[in-house]
Amino acid sequence: MQPWHITFLDQGTIPPHIQWEAPDFAHVWQAHHNTSPDAVVERLQNTDIAITNKVVLDRAVLTQCPKLKYVQVSATGMNNVDIDACRELGIGVGNVQGYARHAVPEWVVGQLFSLVQSHTAYRRIQEARGWLDSEFFALRTAPVREVRTMTVGILGRGAIGQGVADRLQAMGSNVLFLERPTAGKVRSGYHDLNATLPTLDALVLCCPLTDDNAGMVNSVFLQRMKPGALLLNPSRGGLVNEADLVQAISSGHLGGVALDVVSAEPLRAENPLCAVMDEPNVIITPHIAWSSDEAITALMAQVITRINAFVTTYQG
């Protein structure tokens, strides 16, 4: 039997020091650092298995790849692949799940500490050597709080939302899971979103982006939040109306934000967030919450396991 041809379209999303086991069947592995839209079809013409993180495989591409049998997304979100077209063309599709169940909650807790302890503001004082001229032994110029005293709302109760809750509860925080904004009723163990927003010291978004919640964090939503409250979003940038968020930060209504995602990535100069990204109460990381070495190693292990399983099933 001829070896299976596997093409990783954007292997540059995996750091080069991460190691993984090779598939356990005869194969040829073709790695591309990244793939532009106009090169996708050419690179998949003779490929049996495609791996993509964010490279788009739409219907126009898929119909021009007659040998393609399986698409493995090296992420949880599959919105870059036309699932309906794959189904019609008999192409299998898989993703990976749960690999960042520790990495993302740790990002949330880390950024929450940074905001409540004003790490950025104090770092800037140190960089300016401000403590050297202090009148007193302590130079307290920005607020410092204790996470254990805070009420934190979490929107989304999957592995990541639960991971955030477990860590914050261990430190004494009052954690409330919030019902989806479009839910008809509030489920047991959840709290009504609109009624609870004004009571929260911090809100963490741990939910997927859907048609129902796109842009839900808008001016009305933000105005309902307690003055001085914090917003943390490691999920999807499209959940937030960024222009409205900038206004809430600039006005002082929000106490701070930590974002690992924005509406269009990578962040571009035209994004409204660029107007406030240098503020000491604004933290923007470049979509790295998921990317601990441990998480990426687990991700690639899943990729290989799912590819192996598909080939085994395909060969009968």
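As the structure is a computational prediction, the values presented were derived from the model and not from experiment.

1. Describing the overall build of the chain
If you tally the helices and strands in the chain, you get ten helices and eleven strands. In the chain, which comprises 316 residues, the share counted as buried stands at 46%. Here the contacts in the chain between residues at least 6 apart in sequence split such that 62% fall between residues at least 24 apart. Measuring between centres, the 23 positive side-chain charges of the chain sit 6 Å from its 30 negative side-chain charges.

2. Structural notes on the pairing of strand β4 (residues 70–73)
Burial along β4 is two-sided: Y70 and Q72 and V71 and V73, pointing in opposite directions, are all buried. As paired strands, strand β3 (residues 49–52) and β4 are joined by four bridges and run parallel to one another. Pairing of I51 across the sheet is with Q72, part of β4. Relative to strand β5 (residues 92–94), β4 runs parallel, the two being bridged by three bridges. Its bridge partner lying in β5, V71 is registered against V93. Following the chain from β4 across helix α3 (residues 83–89) to the adjacent parallel β5, one finds a crossover that is right-handed.

3. Quick look at the layout of surface pockets
Its boundaries defined by the atoms lining it, the second largest pocket holds a volume of some 340 Å³. In this structure, the second largest pocket is lined by 16 residues; those nearest its centre are L115, S118, P143, G255 and N281. With three residues, the top contributor of residues to the lining of the second largest pocket is helix α4 (residues 103–116). Here the residues of the lining of the second largest pocket are counted per class, giving eight nonpolar, five polar and three charged.

4. Thoughts on the sheet that holds β5
Strand order in the open sheet formed by five strands is β2-β1-β3-β4-β5, and the pairing between neighbours is parallel. A strand with exactly one partner marks an edge of an open sheet, and here the two such strands are β2 (27–31) and β5. Averaged over neighbouring strand pairs, the angle between their axes works out to 15° when direction is ignored. Against the sheet, helix α10 (residues 293–315) contacts β1 (4–8), β2, β3 and β4, and its axis sits at roughly 165° relative to β4.

5. Focus: the sheet that holds strand β6 (residues 151–155)
Reading across the sheet, the six strands line up as β7-β6-β8-β9-β10-β11 and stay open at both edges, with parallel pairing between neighbours. Each edge of the open sheet is held by one strand with a lone partner, namely β7 (174–177) and β11 (282–284). Shown here is a sheet whose adjacent strand axes are inclined to one another by a mean of 15°, direction ignored. Sitting on the sheet, α4 is in contact with β8 (202–205), β9 (230–233), β10 (256–259) and β11, with an inclination near 155° to β9.

6. A look at the environment of N80
As for its position among the elements, N80 is in the loop between β4 and α3. C-alpha separation for the pair N80 and V28, spaced 52 residues apart in sequence, amounts to 24 Å. Looking at N80, its side chain comes within polar contact range of the main-chain oxygen of V55, at 3.0 Å.

7. Describing the side chain of E242
Relative to the assigned elements, E242 resides in helix α9 (residues 242–250). Of the side chains bearing the opposite charge, R268 lies closest to the buried E242, which forms no salt bridge; the N-O distance is 12 Å. Polar contacts involving the side chain of E242 include one to the side chain of S263, which spans 2.7 Å. Among the polar contacts listed, one links the side chain of E242 to the side chain of N271, at a separation of 3.1 Å.

8. Remarks on unusual backbone geometry
Cis geometry marks the peptide bond from E265 to P266, where omega comes out at 0°. Along the chain, P266 turns up in the loop between β10 and β11. Non-glycine residue S118 carries a positive phi angle of around 55°. You can see S118 is positioned in the loop between α4 and α5 (119–127). Look at S118 and you get buried, because its relative accessible area is 12%. In the Ramachandran plot, H287 falls in the positive-phi region, its phi being about 55° despite a non-glycine side chain. Position of H287 relative to the elements: it lies in the loop between β11 and α10. Residue H287 is classed as partly exposed on the basis of its relative accessible area of 22%.

9. Quick notes on the side chain of Q72
Within the element layout of this structure, Q72 appears in strand β4. A distance of 3.4 Å separates the side chain of Q72 from the backbone oxygen of N95, its partner in a polar contact. Apart from residues no more than four positions distant in its own chain, Q72 is found in contact with A50, I51, T52, G94, N95, V96, V303, R306 and I307.

Criteria and thresholds
- Each chain carries its own residue numbering, running from 1 in the direction its sequence is written.
- At least 70 in pLDDT is required for a residue's local features to be given in this predicted model, at least 80 for side-chain atom pairs to be given and counted, and no such filter applies to totals for whole chains, interfaces and linings, which use all residues.
- By convention in this description, side-chain values take in all heavy atoms of the structure and omit both hydrogens and water.
- Under the scheme used here, helices are H or I runs from DSSP no shorter than 4 residues and strands are E runs no shorter than 2 residues, and both carry numbers assigned from the N terminus.
- Only protein chains enter the accessibility calculation, which uses a 1.4 Å probe; a residue is then buried when its area is under 20% of its type maximum, exposed when over 50%, and partly exposed in between.
- Residues are treated as being in contact if the distance between any of their heavy atoms lies within 4.5 Å.
- Counted as positive: Lys and Arg. Counted as negative: Asp and Glu, with His and the chain ends omitted from the count.
- Where a charge lies is defined by one atom per residue type, namely NZ (Lys), CZ (Arg), CG (Asp) and CD (Glu).
- Should DSSP find at least two bridges between two strands, the strands are taken to pair.
- Here a crossover is taken to be right-handed if, once the strands point away from the viewer, the path from the first strand over the helix to the second is traced clockwise.
- Grid spacing is 1 Å over the protein atoms alone, the probe is 1.4 Å, and a cavity is where that probe fits but cannot get out, while a pocket is an open set with protein on both sides within 12 Å along at least five of seven lines and lining residues have an atom within 4 Å of a point.
- Grid points are joined across faces, edges and corners, and a volume is the space filled by probe spheres set on the points.
- All residues other than Ala, Val, Leu, Ile, Met, Phe, Trp, Tyr, Cys, Pro, Asp, Glu, Lys and Arg, Gly among them, are scored as polar; the first ten of these are nonpolar and the last four charged.
- To define axes, lines are fitted to C-alpha atoms, for helices over the stretch in contact only, and angles between the resulting N-to-C directions are given on a 0 to 180 degree scale.
- In protein, a polar contact requires one atom able to donate a hydrogen and another able to accept it; more generally it is a pair of N or O atoms within 3.5 Å, and residues adjacent in sequence count only if both atoms are side-chain atoms.
- Salt bridge, as used here, is a side-chain nitrogen of Lys or Arg placed within 4 Å of a carboxyl oxygen of Asp or Glu.

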